[in-house]
Amino acid sequence: MNPRIEQLYQISKAPTRTILGLMSGTSLDGLDLALVRFTGFGLDTSYEILHYDTRPYPADFKESIRSVFAKENIHFPTLSTLNAQIGRLHASLILEVLASWGVDASEVDAIASHGQTVMHRPDRTGKLPHSTLQIGDGDHIAQLTGIITLSDFRQKHVAAGGEGAPLAMFGDYFLFSEKGENRILLNIGGIGNFTYLPASGDPAGILVTDTGPGNTLIDAAVRRYFNKAYDDGGAIALSGKIDAGILAELMSLSFFKDSFPKSTGPEYFNLDLVHASISPADLVATLTEFTAQSIALAMKTYIPSGIDGTVYVSGGGSKNPVIMARLANLLPFRVCESDELGMPSPAKEAVLFALLANETLADSPGAERLGDSPWENFGKISL
Ligand SMILES: Nc1ncnc2c1ncn2[C@@H]1O[C@H](COP(=O)(O)OP(=O)(O)OP(=O)(O)O)[C@@H](O)[C@H]1O
Ligand SMILES: CC(=O)N[C@H]1[C@@H]2OC[C@@H](O2)[C@@H](O)[C@@H]1O[C@H](C)C(=O)O
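These numbers come from a predicted model, not from an experiment. One numbering rule holds for all chains: residues counted from 1, following each sequence as written. Each chain is given a letter, starting from A, and each ligand a number, starting from 1, according to the order in which they appear as written. A pLDDT threshold of at least 70 governs which residues receive local features in this predicted model, and a stricter bar of 80 or more applies before side-chain atom pairs are shown or counted, although totals over entire chains, interfaces and linings include all residues. Neither water nor hydrogens contribute to the side-chain values; these are computed over all heavy atoms in the structure.

J.: Talk me through the overall build of the chain; I want residue IDs and the actual numbers.
T.: Comment: elements are numbered from the N terminus, with helices defined as DSSP H or I runs of at least four residues and strands as E runs of at least two. For the chain, the count of helices and strands is 12 helices and 12 strands. Values of the radius of gyration come from C-alpha atoms, whereas the globule rule sets the reference at 2.2 Å times the count of residues to the power 0.38. Here the C-alpha atoms of the chain give a radius of gyration of 20 Å, agreeing with the 21 Å that 2.2 N^0.38 yields for 383 residues. Oriented by its inertia axes, the alpha-carbon framework of the chain measures out at about 65 × 50 × 45 Å. Counting across all 383 residues of the chain, residues that qualify as buried make up 56%. Pairs at least 24 apart in sequence give 69% of the contacts found in the chain among residues at least 6 apart. Per-residue and other accessible areas follow the Shrake-Rupley method at a 1.4 Å probe size, with only the shown protein chains counted as cover for residues. Element-wise, carbon and sulfur atoms account for 52% of the exposed surface of the chain, whose accessible area totals about 15900 Å². Note on classification: 1.4 Å probe, protein chains only; a residue is buried when its accessible area is under 20% of the maximum for its type, exposed when over 50%, partly exposed between these limits. Contacts: residue pairs with any heavy atoms within 4.5 Å of one another.

J.: Any chance you could break down the UniProt feature "binding site: ATP" (unreviewed entry) in the chain for me, citing the residues and the numbers?
T.: The UniProt record marks G25, T26, S27, L28, D29, G30, L31 and D32 with the feature "binding site: ATP" (unreviewed entry), using the residue numbering of this structure. Within the element layout of this structure, L28 appears in the loop between β1 (16-24) and β2 (30-39). Excluding residues that lie within four positions of it along the chain, L28 makes contacts with Y57, K62, I65, R66, F69 and Q116. With respect to the helices, strands and loops of the structure, D32 is situated in strand β2. Filtering out sequence-adjacent residues up to four positions away, D32 remains in contact with G21, L22, M23, D53, T54, P346 and A350. UniProt positions are given in the numbering used here, feature names are shortened, and annotations may be inferred rather than shown by experiment.

J.: Quick one: what's the story with the pattern of salt bridges, residue by residue and with numbers?
T.: If the charged atoms of two oppositely charged side chains come close together, the side chains can form a pair. Basic side-chain nitrogens of Lys or Arg form a salt bridge, by our definition, when they fall within 4 Å of a carboxyl oxygen of Asp or Glu. Tallied over the full model, the rule gives 13 salt bridges. Here E337 and K319 are joined by a salt bridge, their closest N and O atoms 2.8 Å apart. Of this pair, E337 sits in strand β11 (residues 334-337) while K319 sits in the loop between β10 (310-314) and α11 (321-330); the two residues are 18 residues apart in sequence, bridging distant segments of the chain. Classification of K319 as partly exposed rests on a relative accessible area of 48%.

J.: With reference to specific residues and values, describe unusual backbone geometry.
T.: Among all residues except glycine, the phi angle is most often negative; among peptide bonds, the trans geometry is most common. Put simply, A165 and P166 share a cis peptide bond, and its omega is -10°. Its location among the elements puts P166 in the loop between α5 (153-159) and α6 (168-176). In the segment running from F260 into P261, the intervening peptide bond is cis, with an omega of -10°. You can see P261 is positioned in the loop between α9 (244-251) and α10 (280-302). Phi is positive for L28, close to 55°, though the residue is something other than glycine. Residue L28 is classed as buried on the basis of its relative accessible area, which comes to 1%. In this structure, D152 takes a positive phi of about 55° despite not being glycine. Taking relative accessible area as the criterion, D152 reaches 26% and is therefore assigned partly exposed.

Here it is in structure tokens:
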């Protein structure tokens, strides 16, 4: 047998796997890394986060990604180069972080790389296939680190009829489903998304969807008018007034009329949606309220009414007290941070992709269907 396939086979058969999960989200702030030791798979998965960290992207690199990110017209050679550059940058950040943790590459069974989403195109016309594109090729990572790398997790989901996102529900279900408690795992990254786990534990009752903007609109406005990366502590939002007219216009966008489950991205939710002129602080206040109201709308519409439950919030938006206070006010659920589940908020998505790699590598039947979502989420394997 080819020795690399033999190695893959041994990893597949092993009782535990140590996997480095990587997530670089739509906020383009940097690369989240989490080294996780898994035992078992599926509902029998147990995990231990050995280390986690976030490494910021260099400013010029962010600009280069922004030049192609979610754009209709781009410089195609830049896209092609970035596919290699992102893979290579991620590989060097991995080696740097492993060294800082005192972990040798030989101790890592596999890397789970999400890559950088540059275009997400769910089709709402019924005429085109859904499509989504993540770059930062896994072969570069495997080559430069010497570690087996799984990447491109979204393509198989699309091929099986899904939109390629959200994929968080597999990990949310395996790690956090709790009989007797309705749990809603909300991630507020660039885009908002949640997984509803019914108290019955029945996988057919699981709901998962994007909700609309997370921090993406707030960040874009703060970058444009205040030259800052984000609205630290929601201070700018607190200094402005909500514009009821603009808020109503935003809440009537077609995305909110589309049926669930659905996914979206900054291709749709960007500052071109705001036409009226308004002071920068009022704009940030209005977009912050829009973020909270759109999350609340999705939960109130999609989740069965009249139930009790807890919302566990992760992602950078959980650090924005204005969003958190509004959610607590708008929702009929208790709202808290995902840390209450023992999951540090900044590590969550990197852990979830590590878990998808664990499912791909494990001796798992992989045939379950969760709610409306096809099971297929297997990554490309670079040996
Ligand atoms: N202290 C804070 N105050 C306000 N907002 C914050 C704070 N810390 C982080 N954020 C927000 O969180 C964002 C980063 O969130 P996160 O890292 O979850 O995004 P991401 O992983 O890129 O997103 P996605 O889940 O969409 O891929 C920042 O850009 C900012 O808007
Ligand atoms: C296409 C894409 O990269 N989508 C991301 C993004 O960030 C949040 C939201 O939009 C979610 O749909 C998804 O990520 C999470 C990790 C997911 O797939 O569950």
